[in-house]
Amino acid sequence: MICDRDEFLRLVCDELNVSPLDVMGEKRDERTTRARHLVMWALHTCCKASKTQIGAAMGRNHATVLYALRAVDNAIETPYGGEVKKIVKLIKAKGEALV
């Protein structure tokens, strides 16, 4: 993996006001799950990490990562994905700064 998971974890957690420990843990409420999905999406999009690498970094399997990537991509395409779109812009800006 080219960049640091913790950078994106902090960024997403700060924006969504969730605990990094919850995101890395087993908590499954909507906000925490959205944050976890966004961190996975960031690692895939900005760091060019494989699904297996992301799964290992996040304590999940590659199928969970695939689901997360699709969930974020779908949210970006909906008119109700405003919060996700805002965070995606921040992630992309951070990714460009890291590379």
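Residues numbered from 1 in each chain as written. Predicted model: local features only at pLDDT ≥ 70, side-chain atom pairs only at ≥ 80, totals over all residues. Heavy atoms only, no water.

Counted under the stated rule, the structure contains one disulfide. The thiol of C13 is unpaired, and the distance to the nearest cysteine sulfur, on C47, comes to 15 Å. The class of C13 is buried, set by a relative accessible area of 3%. The cysteine C46 is free of any disulfide, with C47 supplying the nearest cysteine sulfur at 6.2 Å. Under the relative-accessibility criterion, C46 is labelled buried at 12%. (Disulfide = S-S within 2.5 Å. Buried < 20%, exposed > 50% of the residue type's maximum accessible area, 1.4 Å probe, protein only.)

Time to look at the pattern of salt bridges. Counted according to the given criterion, the structure contains nine salt bridges. Here R10 makes a salt bridge to E7, at a shortest N to O gap of 3.4 Å. Taken together, the residues span about one helical turn, with R10 and E7 both in helix α1 (residues 5-16) at a distance of three residues. For E7, a relative accessible area of 24% puts it in the partly exposed group. Two residues, K94 and E7, come together in a salt bridge whose shortest N-O distance is 3.2 Å. Residue K94 is found in helix α6 (residues 82-98), and its partner E7 is found in helix α1; the two are separated by 87 residues along the sequence. (Salt bridge = Lys/Arg side-chain N within 4 Å of Asp/Glu carboxyl O. Helix = DSSP H or I, 4+ residues; strand = E, 2+ residues; numbered from the N terminus.)

Working note: α-helix, 3.6 residues per turn, so residues spaced by three or four point in the same direction. Over its 17 residues, helix α3 (residues 30-46) extends 24 Å from the first C-alpha to the last, a length consistent with the 24 Å expected when each residue adds 1.5 Å. Those residues of α3 not exposed but buried are T32, A35, R36, H37, L38, V39, M40, W41, A42, L43 and C46. Directly after α3, the chain includes K48, whose backbone phi takes a positive value near 55 degrees. (Expected span 1.5 Å × (residues − 1).)

Shape descriptors only; they carry no functional weight alone.
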